[in-house]
Amino acid sequence: MTADETERKVEIDLAAFARDGFVIVDDVLPPALFKAAKKACEEAVEKGRKGEWPHRRIVGKAFPPWPPSGPDIWGIQHLMHPDFNLPIFKEIYVNPTLLSTACQILSLPSPASLQLELFNLLINPHTTPFSLPYHRDSIPASATADEEAELLKRPRTGTQYNLALYDDACLIVVPGSHKRPKTPEEAALLAKDDKTPLPDEIKVVLKPNQVVFYENDILHRAEYTTLKRVTLHGSMGMEGQVERAKMILQHGVEYLKEETFADGMGEYGKTMWRNLMQGYGTSGSDTLSGIHDD
Ligand SMILES: O=C(O)CCC(=O)C(=O)O
């Protein structure tokens, strides 16, 4: 039996996901893999902090592209890059609990209908607290309420998650805001200060080895203190999402196109990689995407 046939059955609360825009799942990685993930992340963080790895989220900038250097870092990009030399991240990416949760959210019969996407690490800045403004990942802050309402009707094409290896309370969301435009009160508050607390916002509090899957167009922000944070951040799409595939593969990700990329990722991983490459190779589509290429 291969690793990807040993699917852990986690029934997520889909009604809560639809209502709130996020869902938390416990005990994601088996104990040995969880331990190994922490060790690999220590190495990853060291490479990132020392500047031995150039693909980093730089403090002071919320969204890509990030400059090559800056005062501090809040994330490390492209964990599955062969030059990063930590192949365990590929094993984690195809963890059965993560894949089966994504399938339930996307109403897919099996991980063979998923598209491989990106895998990054979110960490605490070590000297310079930082925060992200309120945003929706695929709708500009400048959109009017009518534009937001229209864009929020698009069918879901993928999903994303934060998998905490240590306690994490950085992500802040307004539950239910993935289904509606900003209220006039929210719009007025954010026009004055895009990092201001909004009514009904909550901190998404994760214990080690808990994952939150969330709608990328939920109104969300984040606050990063210097308290330890080591949280894996991944996304997966639906097979055939050509625009998502193109957005992912457009800049600086030649490594993903290598024939051998999915070696060691099991049958599902290989299929997910092929789905991504087929999507990328397809020209022209009116499919709507819905992610920034983070
Ligand atoms: O740090 C987080 O949990 C949120 C990150 C985020 O909002 C983003 O990358 O768009």
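Quick look at the structure, then. Remember, it's a predicted structure, so these values are computed and weren't measured experimentally.

What to know about the pairing of strand 10 (residues 220-224)
Right, so step 1: Where burial is concerned, most of strand 10 is hidden: 4 out of the 5 residues are buried.
Right, so step 2: Of the strand pairs in this sheet, strand 5 (residues 130-135) and strand 10 are connected by 4 bridges, and their pairing is antiparallel. Pairing of Leu-132 across the sheet is with Ala-222, part of strand 10.
Right, so step 3: Pairing analysis gives 3 bridges linking strand 7 (residues 171-173) to strand 10, with the strands arranged antiparallel. Note on strand 10: the bridge partner recorded for Ile-172 is Arg-221.

Some thoughts on the environment of Glu-148
Right, so step 1: Counting through the fold element by element, Glu-148 comes out in helix 5 (residues 145-151).
Right, so step 2: Its 20 C-beta neighbours within 10 Å are what place Glu-148 among the buried residues.
Right, so step 3: The spatial distance from the C-alpha of Glu-148 to the C-alpha of Arg-57 is 28 Å, given a sequence separation of 91 residues.
Right, so step 4: If near-sequence neighbours (up to four positions away) are discounted, Glu-148 is found in contact with Ile-139, Ala-143, Pro-181 and Lys-182.

Let's talk about helix 7 (residues 242-249)
Right, so step 1: Among all positions of helix 7, only Val-242, Arg-244, Ala-245 and Ile-248 are buried. Down the axis of helix 7, the buried set is contained in an arc of 160°. They therefore lie on one face.

Things to note about the sheet that holds strand 6 (residues 158-164)
Right, so step 1: What the 7 strands build is an open sheet, ordered 1-9-6-11-4-3-2; its pairing is antiparallel. The sheet is open, and its two borders are formed by strand 1 (22-25) and strand 2 (56-58), each paired with just one other strand. Ignoring which end each strand starts from, the neighbouring axes of this sheet average 20° apart.
Right, so step 2: Bridge count for strand 4 (residues 114-123) against strand 11 (residues 230-238) is 8 bridges, and the pairing is antiparallel. By the bridge assignment, Leu-121 is partnered in strand 11 with Leu-232.
Right, so step 3: Where helix 2 (residues 31-50) meets the sheet, its contacts fall on strand 2, strand 3 (73-76), strand 4 and strand 11, and the angle it forms with strand 3 comes to roughly 125°.

Basis of the calculations
- Residues numbered from 1 in each chain as written.
- Predicted model: local features only at pLDDT ≥ 70, side-chain atom pairs only at ≥ 80, totals over all residues.
- Buried ≥ 20, exposed ≤ 12 C-beta atoms within 10 Å, placed from the backbone.
- Helix = DSSP H or I, 4+ residues; strand = E, 2+ residues; numbered from the N terminus.
- Pairing = 2+ DSSP bridges.
- Contact = placed C-beta atoms within 7 Å.
- Arc of directions from axis to C-beta.
- Axes fitted to C-alpha atoms, helices over the stretch in contact; angles between N-to-C directions.

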